[in-house]
Amino acid sequence: MAAFVDSKYVILKLKDFRLTFRRFRYKKKWATTSQKVNAVLLALQNFDMNYGMQFGQLWPSVRVSLLSEQKYGALVNNYADTENIIKSFEALSAKDFVYESRSEVPSISSDIPRDLQETRVHSALGSQQHEYLCQDILLDTSGPTGTLEASVKERLPHFSINTNIKCFTFPRGDITRFHPARPDSSGLLRYYLMDASSILPVLALNVQPGHVVLDLCAAPGGKTLALLQTECCRHLSINDISESRLSRLRGVLHSYIPRELLKEDRVCITNIDGRMWGEVNRDNFDRVLVDVPCTTDRHSVTEEDNNIFKRTRIKERQMLPLLQTQLLVSAVLAVRPGGEVVYSTCSLSQLQNECVVEHAAEILATDYGIEIQLEDLSFFRSLFQKIFQFYNDCRLGELILPHLTANFGPTYFCKLSRRK
Ligand SMILES: C[S@@+](CC[C@H](N)C(=O)[O-])C[C@H]1O[C@@H](n2cnc3c(N)ncnc32)[C@H](O)[C@@H]1O
């Protein structure tokens, strides 16, 4: 028998079984002892592969910006001591980019026939609006391939930018930081620091005085706060599936908004799966904001905590485009015919941006007989090009690219109108 035993094998095996004092023995636990794969690294590898192809020569510049310090904007709280805040920001040479956009109007109007040119500033029900002309684009889902074909439908009379929203930023190339906000004499915080490009989806929603509005995925509440600053919402429904994130949102609202404005007839907070919303509360809202969960690209390449590229979250990540599509379909069902929906993400991914919009439009047309119209938001580029880096080749909607001189975003936003 011994003749069949390979001596090398025996030595190896003996090495494995060499005596170890009992107290030094341990049982190998894979979960704790196997080498951890860094989620940030996985995110970067994934982005290098996908965004390298999507953005080509632009990607290295976007990549380095994503990895560099993000720039913030200060959303002024209209319910606090506004005048003093504005004065202090102006003393620092920060500018309200929403207000400043008025001076960009002539360059937009030059693209539009003279007979249609009109720029108006009016004050209605306490809301400041700057009105611009814009084009609507019809989304045609009836083509044989089921793909969307965009065609210019007609020039609509106006689009307004709500200048009740005041957001200060430092100029391009200036990386000065804002100090954390402090409360005014009534205890309300004076401003909210956020990625300034996150204001654009709220501006695109074009909320008008008296509107009933839904913020479908609202927590932790930056855009909700901006919606309330428009002073236009007759009623605002605020929803999120995460109870813990909703408690953060409640904290934000109580730090910025006077109690009397948070009464139930004005603001209602719910904690349901947004995918159900369209079925249970159909045709009800004038405007819906759907700021979906996504790969949060900047977070994914900088923070290990709560990173969606963790191995344990692969399924969740793969299912994101489906969840996003279902949320967008639900948002369109919730808006009344003629109402408008803004879809937004903080991802650069076409799969989570344009493809979701296309897929949702197909489902709405085939399963619900609902046609949507896509609004051309390219005039946002003319309005805000001094402050943000817009991507020139976005097929549908607009995308803000992180850039070293304007390190905001990524923010994608696309506006859909439900046809009557
Ligand atoms: C990008 S965050 C929203 C950020 C928020 N709009 C803001 O400006 O602060 C996406 C949110 O969607 C929520 N969410 C995820 N799945 C959801 C679902 N099925 N229904 C409703 N909300 C959902 C998450 O809890 C998360 O708070």
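Our structure is the block above this text.
Residues numbered from 1 in each chain as written. Predicted model: local features only at pLDDT ≥ 70, side-chain atom pairs only at ≥ 80, totals over all residues. Heavy atoms only, no water.

## Digging into the site of the ligand
Line of reasoning, step 1. Taken together, 21 residues sit near the ligand, with Asp240, Arg245, Asp273, Gly274 and Asp291 positioned nearest.
Line of reasoning, step 2. Measuring from an oxygen atom of the ligand, one finds a backbone N or O atom of glycine 221 at 3.0 Å.
Line of reasoning, step 3. Residue aspartate 291 places a side-chain N or O atom 2.7 Å away from a nitrogen atom belonging to the ligand.
Line of reasoning, step 4. Considering the ligand on its own, with 600 Å² of exposed area, one finds that the protein chains cover 88% of that surface. (Near = heavy atom within 4 Å. Polar contact = N/O pair within 3.5 Å; in protein donor to acceptor, adjacent residues only side chain to side chain. Areas by Shrake-Rupley, 256 points an atom, 1.4 Å probe, with all protein chains shown as cover.)

## Topic: helix 9 (residues 222-229)
Line of reasoning, step 1. Helix 9 sits mainly inside the fold: 8 of its 8 residues count as buried.
Line of reasoning, step 2. Of all the residues in helix 9, the buried ones are Gly222, Lys223, Thr224, Leu225, Ala226, Leu227, Leu228 and Gln229.
Line of reasoning, step 3. Looking at the residues trailing helix 9, positive phi occurs at glutamate 231, about 60°. (Buried < 20%, exposed > 50% of the residue type's maximum accessible area, 1.4 Å probe, protein only. Helix = DSSP H or I, 4+ residues; strand = E, 2+ residues; numbered from the N terminus.)

## Re helix 14 (residues 320-334)
Line of reasoning, step 1. Its 15 residues give helix 14 an end-to-end C-alpha distance of 21 Å, which sits within 8% of 21 Å, the value for a rise of 1.5 Å per residue.
Line of reasoning, step 2. The element helix 14 is extensively covered by neighbouring structure, given that 11 of its 15 residues are classed as buried.
Line of reasoning, step 3. Listed as buried for helix 14 are Leu320, Gln324, Thr325, Leu327, Leu328, Val329, Ser330, Ala331, Val332, Leu333 and Ala334. (Expected span 1.5 Å × (residues − 1).)

## Structural notes on the packing of helix 9 against helix 10 (residues 243-256)
Line of reasoning, step 1. The geometry of helix 9 relative to helix 10 is characterised by a closest axis approach of 10 Å and an angle of 35° between their N-to-C directions. Seen from above, helix 9 lies across helix 10 with right-handed handedness. Residue-level contacts link Thr224, Leu225 and Leu228 of helix 9 to Leu249, Val252, Leu253 and Tyr256 of helix 10.
Line of reasoning, step 2. In terms of residue class, the contact of helix 9 with helix 10 is made up of 6 nonpolar, 1 polar and no charged. (Axes fitted to C-alpha atoms, helices over the stretch in contact; angles between N-to-C directions. Left-handed = near helix turned anticlockwise from the far one by under 90°. Contact = heavy atoms within 4.5 Å. Nonpolar A, V, L, I, M, F, W, Y, C, P; charged D, E, K, R; others polar.)

Without other data, these values stay purely geometric and don't point to any function.
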